Amino acid sequence: MEDWVQEFFSEYDPAQARFRTFLRFCLDRFAAKAHRVDLRFKRGGGAVHLSLDFAGAEQALEEPAPGQSEEHAFDREWVRSLFDGAIDALALECRANGHEIRYEVFTQYDLAPDGDAVRPTYRAIAERLGIPVTQVTNHLAWSRRRLRVLLLERLRDLCGSEAEFQDEAVALFGTDAA
Amino acid sequence: MSPITGETLRHLQRVLEEPDLEGERYRLGPLLGRGGMGIVYQATDVALGREVALKVLRPEFTEGAADVRFRREAQILARLEHPGIVAAHAVGTLRDGRRFYVMKLVRGARLDDSSQRRSLPDRLRSFLRICETIEFAHVRGVIHRDSGSP
């Protein structure tokens, strides 16, 4: 598995393309290959059972909004995957350092499943967790600070140059970024 | 963890870009504009009870050349006292390491929004005032390098 991953990344040349472009290229190549395999099966080729959770993946991805290109959808999923990874890393870090309460506050406020419409107030979270409101503010500020660092660290690791990193970082933040 | 929803993603993108003003004398207001290096918000100076403009370095620029340029920009702004140049009140560093500086909040219409409604002589008068302001900076050794035509 590790050899396969190394071989995959050995094809990436930062001088030729941004990492995201490289991934997009690989994805297109994979889709074309899958399409060819699909056609072969329809012509009577051998049946292979794949255990990939396509249904789950489809559910997790949002349909592109009307007028939005597949390129835009790909960019958004790229940003989403970076956030997912960084949030996982934040959870692990909080657990490892005995800071579960910080992650809990962050989850209850920033990851509220129904968004701004029903986001709980700081006071409601404080009462639920039995802590002062000021601590809710502090834990949330800490978690966001830390998440920002983890996000940028992950992005930097994926970029081939400082210029690419700065270019990609623009798409990470801001309300109109994705 | 299951992937975050689109709405949660947009919320996170917004709050992670916003400056963390905890411990500062400013309360964050609406976003006014976003440039290549910094983001400008309206803010309230709680100590003096006045509205200001707060420019903060983008999250990815907490160190390196951009950080140095941003600090220099604030210093230059602070020493250029001219009616055509926005006055800088204060500089600082947020808890996450991002630099910020606070300026006078300028109200009114943007030149590029209002110029179509104005007569040519009126627009030329504005252009002359801009040239005088840029000359004021030039004779003090400052070149703007980012001025554009509306």
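In what follows, the structure referred to is the one given above.
In this report, the structure presented in the accompanying data block is examined. (Residues numbered from 1 in each chain as written. Chains lettered and ligands numbered in written order. Predicted model: local features only at pLDDT ≥ 70, side-chain atom pairs only at ≥ 80, totals over all residues. Heavy atoms only, no water.)

Here we look at the interface of chain B and chain A
Alright, step 1. Contact with chain B, which involves 27 residues of that partner, is made by 40 residues of chain A.
Alright, step 2. Interface area for chain B against chain A, summed over the two sides, is near 2,800 Å², with a carbon-plus-sulfur share of 56%.
Alright, step 3. Connecting chain B to chain A are 2 salt bridges.
Alright, step 4. Residues aspartate 96 of chain B and arginine 148 of chain A are paired through a salt bridge, measuring 2.3 Å at the closest nitrogen-oxygen approach.
Alright, step 5. Scanning the region where chain B abuts chain A turns up 9 residue pairs in polar contact (both at pLDDT 80 or more).
Alright, step 6. No other element matches the 11 residues that helix α1 (residues 6–17) of chain B contributes to the side of chain B that touches chain A. (Contact = heavy atoms within 4.5 Å. Buried area = accessible area lost by both parts, 1.4 Å probe. Salt bridge = Lys/Arg side-chain N within 4 Å of Asp/Glu carboxyl O. Polar contact = N/O pair within 3.5 Å; in protein donor to acceptor, adjacent residues only side chain to side chain. Helix = DSSP H or I, 4+ residues; strand = E, 2+ residues; numbered from the N terminus.)

Observations concerning the sheet that holds strand β1 (residues 26–34) of chain B
Residues and elements named next belong to chain B.
Alright, step 1. Strand order in the open sheet made by the 5 strands is β1-β2-β3-β5-β4, with antiparallel pairing throughout. The sheet terminates laterally at β1 and β4 (88–93), the two strands that pair on one side only. Across this sheet, the average inter-strand angle for adjacent strands is 25°, counted without regard to direction.
Alright, step 2. Pairing geometry for strand β3 (residues 50–57) and strand β5 (residues 99–104), over 5 bridges, is antiparallel. (Pairing = 2+ DSSP bridges. Axes fitted to C-alpha atoms, helices over the stretch in contact; angles between N-to-C directions.)

Concerning the packing of helix α5 (residues 100–110) of chain A against helix α7 (residues 133–158) of chain A
All names here are of chain A.
Alright, step 1. In the contact formed by α5 and α7, the axes pass within 8 Å of each other and the chain directions differ by 90°. Put simply, α5 runs roughly perpendicular to α7. Only Val136, His139, Leu140, Trp142, Ser143, Arg144 and Leu147 of α7 make contact with α5, whose side of the interface consists of Ile101, Arg102, Val105, Phe106, Tyr109 and Asp110.
Alright, step 2. The residue makeup of the contact of α5 with α7, split by class, is 8 nonpolar, 2 polar and 3 charged. (Parallel < 35°, antiparallel > 145°, perpendicular 65-115°, else oblique. Nonpolar A, V, L, I, M, F, W, Y, C, P; charged D, E, K, R; others polar.)

Things to note about the nonpolar core
Alright, step 1. Counting 28 residues, the largest nonpolar core has Phe83 and Leu172 of chain A as the members making the most contacts within it.
Alright, step 2. Contributions of two or more residues to this core are made by α4 (70–96), α5, α7 and α8 (162–170) of chain A together with α1 of chain B.
Alright, step 3. By residue number, the principal contributor to this core is α4 of chain A, which donates 9 residues.
Alright, step 4. In this structure, Leu57, Ala74, Tyr101 and Met103 of chain B belong to the second largest nonpolar core, which totals 19 residues. (Core = buried A, V, L, I, M, F, W, Y, C linked by side-chain atoms within 4.5 Å. Buried < 20%, exposed > 50% of the residue type's maximum accessible area, 1.4 Å probe, protein only.)

A few points about the pattern of salt bridges
Alright, step 1. The full count for this structure, using the stated rule, is 19 salt bridges over all chains.
Alright, step 2. Salt-bridge contacts for glutamate 60 of chain B lead to arginine 58 of chain B; the nearest nitrogen and oxygen are separated by 2.9 Å.
Alright, step 3. Here arginine 58 of chain B falls in the buried class, since its relative accessible area comes to 2%.
Alright, step 4. The closest approach of N and O atoms between arginine 99 of chain B and aspartate 67 of chain B, which form a salt bridge, is 2.9 Å. Of this pair, arginine 99 of chain B sits in strand β5 while aspartate 67 of chain B sits in helix α2 (residues 65–79); the two residues are 32 residues apart in sequence, bridging distant segments of the chain.
Alright, step 5. Residue arginine 99 of chain B is classed as partly exposed on the basis of its relative accessible area of 22%.
Alright, step 6. Given a relative accessible area of 6%, aspartate 67 of chain B falls into the buried group.
Alright, step 7. Several salt bridges share partner residues, and in doing so they unite Arg76, Glu77 and Arg80 of chain A into one network.

A short note on the packing of aromatic side chains
Alright, step 1. Scanning the entire structure with this criterion turns up 4 aromatic pairs over all chains.
Alright, step 2. Look at tyrosine 109 of chain A and tyrosine 122 of chain A: their rings are 5.0 Å apart centre to centre, the planes differ by 75°, and that puts the pair in the edge-to-face class. Taken together, the positions of tyrosine 109 of chain A in helix α5 and tyrosine 122 of chain A in helix α6 (residues 122–129) put the pair 13 residues apart, joining distant regions of the chain.
Alright, step 3. Look at tyrosine 109 of chain A and you get buried, because its relative accessible area is 17%.
Alright, step 4. The interplanar angle of 45° and the centroid separation of 5.2 Å between the aromatic rings of phenylalanine 70 of chain B and tyrosine 101 of chain B together place this pair among those described as tilted. In this pair, phenylalanine 70 of chain B is assigned in helix α2 and tyrosine 101 of chain B in strand β5, connecting sequence segments 31 residues apart.
Alright, step 5. By relative accessible area, which is 1% here, phenylalanine 70 of chain B ends up buried.
Alright, step 6. The aromatic ring of phenylalanine 165 of chain A is capped on one face by arginine 156 of chain A, whose charged end is 4.0 Å from the ring centroid.
Alright, step 7. The aromatic ring of phenylalanine 136 of chain B is capped on one face by arginine 140 of chain B, whose charged end is 3.7 Å from the ring centroid. (Phe/Tyr/Trp six-rings, centres within 6.5 Å; stacked < 30°, edge-to-face > 60°. Lys NZ or Arg CZ within 6 Å of the ring centre and 35° of its normal.)

Overview of the side chain of aspartate 67 of chain B
Alright, step 1. Of the polar contacts made by the side chain of aspartate 67 of chain B, one reaches the side chain of arginine 99 of chain B; its length is 2.9 Å.
Alright, step 2. In contact with aspartate 67 of chain B, not counting residues within four places along its chain, are Leu57, Phe61, Thr62 and Arg99 of chain B.

A short note on the environment of alanine 117 of chain A
Alright, step 1. As for its placement among the helices and strands, alanine 117 of chain A is situated in the loop between α5 and α6.
Alright, step 2. It is 31 Å that separates the C-alpha atoms of alanine 117 of chain A and glutamate 153 of chain A, two residues lying 36 residues apart in sequence.

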